[in-house]
Amino acid sequence: MRKMLLVKRKGFNYYTDYTEHYLHNAFQNYGYSIVRDDSESDFSVIVYISETEKYMKMISPFFDNLSEKDIENFCNLFSVAFKSEVKMEDFDESQCNSMYPYKFMLSKNHSAYNEPAYLIDAPPKLERRTYDCNFTTNKVSLMSFVNVGGSISGLKIIFDFSENVKDLQLSDAKIYYYTNKENTGLDISFDKNDKTFTSNIDSFKTDKGINPKSTVLKGKKRADEEEKHGFRLRVLPVSSKHLNLNGKLTIISQGIEIFKDDIPL
């Protein structure tokens, strides 16, 4: 029978940064550390969290392998780590249906706490931070990206739409990024070639990226650093027709493709 660990929400222990940290502390008793790379993990813990539920609910193969005599000590260790009430029950999937699952990974041989906060020599790479960005004509689209690789010098942004809309233009376009410790807004323009729009932004530079495998930066500090090592992009697709646009967004730096995803994002 699968086991489910119930941890009472208390203070900030259900904020994912705190949950991750407390899981790390609890599993240190068994010689395991949090990692953020699936290829390095030995097992995972799925944590279901809802602000309307009294308890976080956790499942893991690690729990299922505990003997009955070990469960009490295990719950006590988790209670100390999470500073809250902890109990173990048989897993009931129906209790988790309305809760959002978060995956945390543990390893015997690796630790996200030993990873450097920043990357310099790695290949540049972007991750998108804005979710559910719908590309609809005559409506502003806002996107944000963070560098999770090495240094970036210059950007080439390419929108390649599936349909060739004759009067489509990308107007009121702007990129926001940090330079000399200040947030800069730069007006940009896109060249149109049939259904492809391209903009070259030579002025964007960042000397390093945020290491996604590291837990050194947390909470507001991590959010602030991600903003300083990335950018926000604003575009307004304009057409006489009301359309939902589909296609691809590709971002290139120094000839290297550092981001590609479907539109809508």
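Coordinates for the structure precede this section.
1. Notes on the overall build of the protein
Phase 1 of the analysis: Regarding its fold elements, the protein presents four helices and 18 strands.
Phase 2 of the analysis: Structurally, the protein occupies a C-alpha span of about 70 × 40 × 30 Å along its principal axes.
Phase 3 of the analysis: With 265 residues in all, the protein has 46% of them scored as buried.
Phase 4 of the analysis: Taking the contacts inside the protein whose residues are at least 6 apart along the sequence as the reference set, 75% of them involve residues at least 24 apart.
Phase 5 of the analysis: For the protein, the accessible area works out to roughly 14,000 Å², and carbon and sulfur atoms hold 45% of it.

2. Describing the nonpolar core
Phase 1 of the analysis: Core analysis: the largest hydrophobic core is formed by 32 residues, its most contacted members being Phe-135, Met-143, Phe-159, Phe-231, Leu-249 and Ile-251.
Phase 2 of the analysis: When residues in this core are grouped by element, the largest group, five residues, is from strand S10 (residues 152-161).
Phase 3 of the analysis: Excluding residues that lie within four positions of it along the chain, Phe-231 makes contacts with Leu-126, Met-143, Ser-144, Phe-145, Leu-155, Ile-175, Tyr-176, Tyr-177, Phe-204 and Ile-251.
Phase 4 of the analysis: If you look at the next biggest cluster of nonpolar residues, it comprises 29 residues, including Tyr-22, Met-56, Phe-63 and Cys-75.

3. Quick word on the pattern of salt bridges
Phase 1 of the analysis: Enumeration over the complete set of coordinates arrives at 20 salt bridges.
Phase 2 of the analysis: Taking the shortest distance from any N to any O, the salt bridge between Glu-226 and Arg-129 comes out at 3.0 Å. Within this pair, whereas Glu-226 is found in helix H4 (residues 219-228), its partner Arg-129 is found in the loop between strand S8 (126-128) and strand S9 (141-147), the two being separated by 97 residues in sequence.
Phase 3 of the analysis: Classification of Glu-226 as buried rests on a relative accessible area of 14%.
Phase 4 of the analysis: By relative accessible area, Arg-129 is classed as partly exposed at 29%.
Phase 5 of the analysis: Members of the salt-bridge network, linked through shared partners, are Asp-37, Glu-40, Glu-115 and Lys-213.

Criteria and cut-off values
- Residues numbered from 1 in each chain as written.
- Predicted model: local features only at pLDDT ≥ 70, side-chain atom pairs only at ≥ 80, totals over all residues.
- Heavy atoms only, no water.
- Helix = DSSP H or I, 4+ residues; strand = E, 2+ residues; numbered from the N terminus.
- Buried < 20%, exposed > 50% of the residue type's maximum accessible area, 1.4 Å probe, protein only.
- Contact = heavy atoms within 4.5 Å.
- Areas by Shrake-Rupley, 256 points an atom, 1.4 Å probe, with all protein chains shown as cover.
- Core = buried A, V, L, I, M, F, W, Y, C linked by side-chain atoms within 4.5 Å.
- Salt bridge = Lys/Arg side-chain N within 4 Å of Asp/Glu carboxyl O.

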